[in-house]
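Remarks on the overall topology
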Amino acid sequence: MSDTGNLFSDPLESLEPEGIINEDDGQPIIENIYDAFAHFVRVEVASGEATDDTIDGYHREVMGWVKWCRRRNISPEDAQRHHVEAFREELKRRGLALATRTYKLSIVRRFYESAIYAGLREDNPAGSVWAGKDLSSPEDKLKILSEEALSALVNSLPNEGLSGCRDRLIVALMAAHGLRRVEIHRLNHENVDTDVSSVKPGGLIVDGKAHKVRLVHLRPDTWETLRSYVKEKQKAGYPIEGALFVGHGNNGRGHRLSRVSINSIVDKYLNASSLKKAGVSCHALRHTFGTLAVAGGAKVEHLRDAMGHAKLETTGIYVKAVEKAKNNPSFFINVEF
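The text that follows walks through the structure, step by step, so that each part is easy to find. Sequence order as written defines the numbering, with residues in each chain counted from 1. Where totals are concerned, whole chains, interfaces and linings use all residues; where local detail is concerned, this predicted model gives features only for residues with pLDDT of at least 70, and gives and counts side-chain atom pairs only at 80 or more. Calculation of side-chain values draws on the structure's entire complement of heavy atoms; hydrogens and water are dropped beforehand.

Details of the packing of aromatic side chains
Here the aromatic set is Phe, Tyr and Trp, taking the six-membered ring for Trp, and pairing holds for ring centres within 6.5 Å; pairs whose planes are under 30 degrees apart are stacked, those over 60 apart are edge-to-face, and all others are tilted. Going through the model one piece at a time under the given rule, you end up with 10 aromatic pairs. Ring geometry for Phe 111 versus Tyr 112: centroids 4.9 Å apart, planes at 65°, classification edge-to-face. In this structure Tyr 112 comes out as buried when scored by relative accessible area, which is 0%. An aromatic cluster is present here, built from Tyr 34, Phe 37, Phe 40, Tyr 58, Trp 65, Trp 68, Phe 87, Phe 111 and Tyr 112 joined pairwise through their rings. Exposure categories follow from relative accessible area, calculated using a 1.4 Å probe and restricted to protein chains: below 20% of the type maximum is buried, above 50% is exposed, and the middle band is partly exposed.

Given below as structure tokens:
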């Protein structure tokens, strides 16, 4: 039996094909449910072409489940339905959103599916344990800032200095161009499609969801902030290659900003402008972009391309949100209260 503790000490370590393949006949060596899951992620998820982010997510969630079990002296290999139900109830008590609970439970479900496929279990304890029901419409769940609130956020941002230009650019790319947090994280200097010495605005080649690449044209003000940040990096002696957004402090100096660090930066200014509340963080800026763009007259097809949506229906959520607000039936009652 392989050492499951070592196997899950590093989520990526257990994904290496060499670790679970018999060199003689090329067949997977499956000794336990952890090996089965490693094989499943490598071969089955996205038809064997899962991104690193997807792989990390699968293993992070399974590690969370395994640790939860072990803290309660439950063997993950022998877990039963009532254990998964208890896990779900704890997720609810922690206040996690339905979508988050659904995701976590779906990964646990697939963890045991892989064990069934490998002949290591006959049942799936998470097979019919659902996260709950959400009766609200997608457009009603959007967390967005009004134009006035967005202006207050922008006014809280510094507009000079190394960190100031960096932070302003991060917020601008999310709120004025709709970039996701992971897309900000992945940006390199090489993704700038025009020489930054040019006053004429250029664009960014964005590595999006499932690594779908799109070109995002920058507004003049965002372009100038980008140019200012690059100049500040040059003055401070940072390389103008590789990661665009890097840390400037003693910890992580010169290294690519993590997604957690990007969250912290955005939250800092949301707090400074008294806009921080549950659900309002990086992704709320992307929702704000989509909603305000539609309200201002942007065509939904253009918005879909700018946001990197695979389906027009996804972008249509912003149209519905704007239409609901604009066509509020109460406006047709000609009585003042």
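Some words on helix 6 (residues 147–155)
Starting at the N terminus, helices and strands are each numbered in turn, a helix being any DSSP run of H or I of at least four residues and a strand any DSSP run of E of at least two. Within the sequence span of helix 6, burial applies to Ala 149, Leu 150 and Leu 153. In an axial view of helix 6, the angular spread of the buried residues amounts to 100°, which keeps them on one side of the axis. Turned more than 90 degrees off the buried face of helix 6, the exposed positions are Glu 147, Glu 148 and Asn 155. If you follow the buried residues of helix 6, they end up packed against helix 7 (162–175), helix 10 (259–272) and helix 11 (282–295). What the arc measures is the spread of directions leading from the helix axis to the C-beta atoms. Contacts were defined at the residue level, with two residues in contact if any of their heavy atoms lie within 4.5 Å.

Focus on the packing of helix 11 against helix 12 (residues 300–307)
Lines are fitted to the C-alpha atoms to define the axes, a helix being fitted only along its stretch in contact, and any angle between axes, read from their N-to-C directions, falls within 0 to 180 degrees. One can describe the packing of helix 11 onto helix 12 by two numbers: an axis separation of 10 Å at closest approach and a directional angle of 160°. If you check the angle between helix 11 and helix 12, you find them roughly antiparallel. Our pair here, helix 11 against helix 12, has a crossing hand that is right-handed. Two secondary-structure elements touch here, helix 11 through Arg 286, Phe 289, Gly 290, Ala 293 and Val 294 and helix 12 through Leu 303, Ala 306 and Met 307. Counted by class, the contact of helix 11 with helix 12 contains 6 nonpolar, 1 polar and 1 charged residues. Each angle gets one of four labels, with under 35 degrees taken as roughly parallel, over 145 as roughly antiparallel, 65 to 115 as roughly perpendicular, and the rest as oblique. Crossing handedness is defined as follows: a turn of the near helix away from the far one that is anticlockwise and smaller than a right angle gives a left-handed crossing, while the clockwise case is right-handed. Under the grouping applied here, Gly and all other residues not named as nonpolar or charged are polar, the nonpolar ones being Ala, Val, Leu, Ile, Met, Phe, Trp, Tyr, Cys and Pro and the charged ones Asp, Glu, Lys and Arg.

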